[in-house]
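# Examination of the molecular architecture
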Amino acid sequence: MAIDIDTARKVAHLARIRVAEEDLPRVAAELSGILGFMEELNEVDVEGVAPMTSVTPMRLRLREDAVTDGGYPARVLANAPEAREGFFAVPKVVE
Amino acid sequence: MNGNELTIAAAREALRAGEVSAVDLAMACLTAMDAGDGLNAFVHKTPEIALDQARAADARIARGDAPGVCGIPLGIKDLFCTKGVPSQAGSKILRGFRPEYESSVTARLFGAGAVMLGKLNMDEFAMGSSNESSCYGPAVNPWRVDDRLLTPGGSSGGSAAAVAGDLCLGALGTDTGGSIRQPAAFTGIVGIKPTYGRVSRWGIVAFASSLDQAGPMTKSVRDAAILLGAMAGHDPMDSTCADLPVPDFEAALTGDIRGKVIGIPREYRMEGMPAEIEALWSRGAEMLRDAGAVTRDISLPHTKYALPAYYVIAPAEASSNLARYDGVRYGHRAALAAGDGITDMYEKTRAEGFGREVQRRVMVGAYVLSAGFYDAYYNRARKVRALIKRDFEAVFAEGVDAILTPATPSAAFGLGEMSNASPVEMYLNDVFTVTVNLAGLPGVAVPVGLDARGLPLGLQLIGRPWEEGALLNHAYVLESAAGFVAKPSKWW
């Protein structure tokens, strides 16, 4: 399936990656190439086949609903690009 | 022989016999590591940690309380979170990130006395087959046949180069589509990807959560058995990590495979396959027959759909896993212009921090998961994946014990040689290995010979789920029969 410039722009936004307008044609072409490769999957008869969810058959265990970790805000913030008063600081979120 | 040239098994013996100390071994490897800068294998060196751990290991050995990997110097792929030590997954977006926690696997190994020499180079976010997408520059294959620098493969390229170049006694790698097995084959070493769920993924930077597995990269099959045994085991922090006892993989290396059935899948004979690879594969089958196994032609009909299915599923999972790299809590944050809001921060941070291949895969993933395409691509790929796994289950149910295939479509290629290739051409490097991740099976690469120019070629063995011991035993037989002892001549 060919990806056009508009779709490439939408996909870049979905991925939250800034792609310059002049780079969109290249990105569209590369994505089209990769997606074209996937067209082969349409040849397979998947009638009645359940999509694989669990790679190795296993039950997901549940654990006790208790607080077992935490209480060290300094460590949590240790790698923050910007932290203030115990919070991660970011630009304005709400308009 | 210098300490860094030993195998893990030999070093273990020497340590226990008091012939060498853990500090001696660490020093020999640190010296080799520093002399090995030309390979660009180690990207963060941890000599002080190594010597502290070695001293502690020596004390433990003296007390007689030493597990097999106690005192053994290892390299750790940059994908593992190692507490207080840079862990960047080969990416600019994690520059400066020093985890406040230790991955489960490295915690287990260091708890058993293993020694960390440093972090190893890799393709960014484990996405690649040549280690050329790394923010640290490419790793270099210790093998050379002319003046070209060759790729060690990827994504665990630094791990492969370090082991093959004797900069360490063993290394940790991870494998999502072949990233342990392909570099092992390109550098003439052993690499095993265990059954999905055998080894914990907690604290390993996630690429594709249903495909990723950590595994050992070593100089011999015995070493792989030793290191895998020390890595594996249940972890309550990873809900996909199986609560199964870890067998003694080393004890499984009996060398006896009489009566075992080795499947040779006809669909792995690809059009245009180089004659040398075909010949090596036949020779491998013959070696296993000479050891008393029986080879059988088998069919894995959905093989050709593995690569396209992988390149839907892996990017889809990656787009989800890499959403967290947004400049908020760790790593790179873009410098912002006046008036930039949160979305600008996300978009600029990720455009600056992610390399081209990562951006491509995250975007492909976002696309195939988006409304209107989820069914056509992602769901369809997961159905095909179920069929691929079913092909293997059918064959194992018919009595096949292991499957023998080529590991790679060629020997190591030159750095930069694939730069004009399309992304899809690079993906073809994974053609023999991705099926194994899709099916969740264990797979091992064993060096078997050299190509006409003198570069290593390996073969792959695929095993039954949870039977890494039996798989390694088949690999052990192949290794002995092949007698591959060649080492790269030191040009660095």
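A brief look at the structure comes next.

## A few points about the pairing of strand 8 (residues 294–298) of chain B
Residues and elements named next belong to chain B.
- Summarising the sheet, strand 7 (residues 261–265) and strand 8 pair through five bridges and their orientation is parallel. Following the sheet pairing, Ile262 is matched in strand 8 by Thr295.
- In this view, the connection linking strand 7 to its parallel neighbour strand 8 by way of helix 8 (residues 275–290) has right-handed handedness.

## Thoughts on the environment of Gly178 of chain B
Residue and element names in this part refer to chain B.
- Looking at where Gly178 falls in the secondary structure, it is placed in the loop between strand 4 (170–175) and helix 6 (181–187).
- Given the relative accessible area of 1%, Gly178 is considered buried.
- Sequence-distant contacts of Gly178, defined by excluding residues within four places in its chain, comprise Gly154, Pro183, Thr433 and Asn437.

## Observations regarding the interface of chain A and chain B
- Each side of the interface is counted separately: chain A has 51 residues, and chain B has 71 residues.
- Along the contact surface separating chain A from chain B lie 20 residue pairs in polar contact (both at pLDDT 80 or more).
- Elements supplying a minimum of two residues to the side of chain A that touches chain B: helix 1 (5–14) and helix 2 (24–38) of chain A.

## Observations concerning the layout of surface pockets
- Here the largest pocket is characterised by a volume of approximately 1,300 Å³.
- Lining the largest pocket are 46 residues; nearest its centre among them are Tyr101, Arg201, Trp202, Gly203 and Met237 of chain B.
- Only helix 3 (73–77) of chain A together with strand 6 (213–218) of chain B provide two or more residues apiece to the lining of the largest pocket.
- Estimates place the volume of the second largest pocket at around 450 Å³.
- If you trace the second largest pocket, you find 28 residues lining it, with Glu132, Ser133, Glu357, Arg360 and Met426 of chain B closest to the centre.
- Counting residues per element, the ones that place at least two in the lining of the second largest pocket are helix 11 (356–369) and helix 13 (423–427) of chain B.
- Element by element, the count of residues in the lining of the second largest pocket is highest for helix 11 of chain B, at five residues.
- Counted by class, the lining of the second largest pocket contains nine nonpolar, 10 polar and nine charged residues.

## Details of the sheet that holds strand 7 of chain B
Residues and elements named next belong to chain B.
- Pairing in this open sheet of 11 strands is mixed, and the strands run 1-3-2-4-6-5-10-11-9-7-8 from one edge to the other. Only two strands of the sheet have a single neighbouring strand rather than two, namely strand 1 (42–45) and strand 8. Pairs of neighbouring strands in the sheet enclose a mean axial angle of 30°, with direction left out of account.

## What about the packing of aromatic side chains?
- Overall, the coordinates contain 16 aromatic pairs over all chains when judged by the stated rule.
- Centroid distance Phe186 of chain B to Phe413 of chain B: 5.8 Å. Interplanar angle 90°. Geometry classified as edge-to-face. Taken together, the residues Phe186 of chain B in helix 6 and Phe413 of chain B in the loop between strand 9 (402–406) and helix 13 connect sequence positions 227 residues apart.
- According to the relative accessible area criterion, Phe186 of chain B is buried, its value standing at 1%.
- One aromatic cluster in this structure is built from Phe97, Phe125, Tyr325, Tyr330 and Phe354 of chain B.
- Residue placement shows Arg75 of chain A over the ring face of Tyr72 of chain A; its charged tip is 4.4 Å from the ring centre.
- In this arrangement the basic side chain of Arg144 of chain B is found over the ring face of Trp491 of chain B, its NZ or CZ atom lying 4.5 Å from the centre.

Cut-offs applied
Residues numbered from 1 in each chain as written. Chains lettered and ligands numbered in written order. Predicted model: local features only at pLDDT ≥ 70, side-chain atom pairs only at ≥ 80, totals over all residues. Heavy atoms only, no water. Pairing = 2+ DSSP bridges. Helix = DSSP H or I, 4+ residues; strand = E, 2+ residues; numbered from the N terminus. Right-handed = clockwise from strand over helix to strand, strands pointing away. Buried < 20%, exposed > 50% of the residue type's maximum accessible area, 1.4 Å probe, protein only. Contact = heavy atoms within 4.5 Å. Polar contact = N/O pair within 3.5 Å; in protein donor to acceptor, adjacent residues only side chain to side chain. 1 Å grid on protein atoms, 1.4 Å probe; cavity = no way out; pocket = protein on both sides within 12 Å on 5 of 7 lines; lining within 4 Å. Points joined across faces, edges and corners; volume = space filled by probe spheres on them. Nonpolar A, V, L, I, M, F, W, Y, C, P; charged D, E, K, R; others polar. Axes fitted to C-alpha atoms, helices over the stretch in contact; angles between N-to-C directions. Phe/Tyr/Trp six-rings, centres within 6.5 Å; stacked < 30°, edge-to-face > 60°. Lys NZ or Arg CZ within 6 Å of the ring centre and 35° of its normal.

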